[in-house]
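Coordinate analysis (summary)
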Amino acid sequence: MTPILIDGSVLEGGGQILRNSIAFSSLLGKPISINKIRNSRRPPGLKNQHRTGLELASTIASAQLDGAQNGSCGIQYTPGSLRLPGHYTGDSVTAGATTLLLQIALPLLLFSKDPSPSSLTLKGGTNAQSAPQIDYTQHVFFPFIRDHFGVSVNLDIKKRGYFPKGGGEVFVQVSPTSGTLNAIRLMDRGKVKAIRGIAHLAGLPGHIGPSMVEGAKEYLVAESSELKDVPIEIESKRERNDNTFGAGSGIVLWAELEGGGIIGGSALGKKGLEASAVGRAAAEELLRGLNADGCVDEYLQDQIIILMALAKGLSEMRLNTDPPRTAIWVAELLTDAIFDVIEEPSGHTVVRCTGIGYSAN
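The structure displayed is predicted, hence computed values, not measured ones. (Residues numbered from 1 in each chain as written. Predicted model: local features only at pLDDT ≥ 70, side-chain atom pairs only at ≥ 80, totals over all residues. Heavy atoms only, no water.)

What follows concerns the packing of aromatic side chains. Taken as a whole and judged by the stated rule, the model has three aromatic pairs. Ring centres of Phe111 and Tyr358 lie 4.8 Å apart, and the angle between their planes is 85°; this geometry places the pair in the edge-to-face category. Of this pair, Phe111 sits in the loop between helix 3 (98-105) and strand 6 (118-124) while Tyr358 is found in the segment after strand 17 (349-356), placing the two residues 247 residues apart along the sequence. With relative accessibility at 2%, the residue Phe111 sits in the buried group. What makes Tyr358 buried here is its relative accessible area of 15%. Ring geometry for Phe141 against Phe142: centres 5.8 Å apart, planes inclined by 40°, an arrangement best described as tilted. Overall, the relative accessible area of 5% leaves Phe141 in the buried class. Judged by relative accessible area, Phe142 falls into the buried class, the value being 1%. (Phe/Tyr/Trp six-rings, centres within 6.5 Å; stacked < 30°, edge-to-face > 60°. Helix = DSSP H or I, 4+ residues; strand = E, 2+ residues; numbered from the N terminus. Buried < 20%, exposed > 50% of the residue type's maximum accessible area, 1.4 Å probe, protein only.)

In a packed pair of helices, the relevant descriptors are the angle between the two axes and the axis-to-axis distance. Two elements in contact, helix 3 and helix 4 (residues 134-149), have axes separated by 9 Å at closest approach and are oriented at 40°. Relative to helix 4, the element helix 3 lies oblique. Each of Thr98, Thr99 and Leu102 in helix 3 lies in contact with helix 4, whose residues at this interface are Ile134, Thr137 and Phe142. Tallied by class, the residues present in the contact of helix 3 with helix 4 amount to three nonpolar, three polar and no charged. (Axes fitted to C-alpha atoms, helices over the stretch in contact; angles between N-to-C directions. Parallel < 35°, antiparallel > 145°, perpendicular 65-115°, else oblique. Contact = heavy atoms within 4.5 Å. Nonpolar A, V, L, I, M, F, W, Y, C, P; charged D, E, K, R; others polar.)

This model, assessed by the stated rule, comprises 15 salt bridges. Arg185 serves as the salt-bridge partner of Glu316, at 2.6 Å between the closest nitrogen and oxygen. On the criterion of sequence distance, the pair formed by Glu316 in strand 15 (residues 312-319) and Arg185 in strand 9 (residues 185-186) is long-range, its members being 131 residues apart. Its relative accessible area of 58% is what places Arg185 among the exposed residues. Across the pair Arg189 and Asp293 runs a salt bridge whose closest N-O atoms are separated by 3.9 Å. Of this pair, Arg189 sits in the loop between strand 9 and strand 10 (192-202) while Asp293 sits in the loop between helix 6 (275-291) and helix 7 (298-310), and the two are 104 residues apart along the sequence. Looking at Arg189, the relative accessible area reads 7%, which means it is buried. (Salt bridge = Lys/Arg side-chain N within 4 Å of Asp/Glu carboxyl O.)

The values are spatial; any link to function lies outside them.
See the structure below:
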């Protein structure tokens, strides 16, 4: 079969084209050739974490992988059969984000005729810049896809790894379906039911956690009348020294909505920035998402386009930001899913998708 050619410089020109293309290729048995990988990044090409993700996917999918060296701007990928159930390990060796390794591998584990679970051990950065924090995946992404797509996934943070050392480890277990994913419908945000969150730290003074919590709470109460009577529960968690690699801190917040959606906000600590300001930054991001009046945040919408394309039937979702055009472009290129992006008079965007109803059968 002639490989499908994919231009990695299209639209955002980042790593998402690589991750989603490999996932679709592995599931659908379509060989692909990707060039101009991460063309908009400086430097372009594969970094350690991208190469690790490619190698992880190729192992799961019994694929032939060519050109996957650090710095490479082009790869060829010819998938074989998915080896499920199984346990697989991906180690970026650096502080490369474990959540981005998960994005390339998770779809491959969702479908199998054998109901036995598969699992991943992912090593690298758990709370890194330019990627979702692992707490976002655990408390926002995974609960959402469990509730709406019917996906059975669980995640355990074995060890935190902060930038620049990495060294973190997470364990993910996936129980596959022999059928199809559910289509979703999220068109009404509804009121905020609750605000929850976690402030995490390791190797730093203990007051930093509570200070992040207070900074977030104070900002949310002061800046949003909508949250006046909404419960706000933010945990402060200091990791044991034997449960972390390196020192660092951060906070992840999420708003649970009556309409079934969820909006997140997060921030990482950095040298010279007051802990209360870190909490406030996460709260600011959360309020921007809530005030935009969509049903999911921009990071969640990016990650669920691939699941909408694979699901059976019509999915529709009201967004609070520009649509995830890169994820949609990849899905339309490699599948028969049909997307429709509608700009409403209110300024909101609705994404509709007729999915392909993929199953292991």
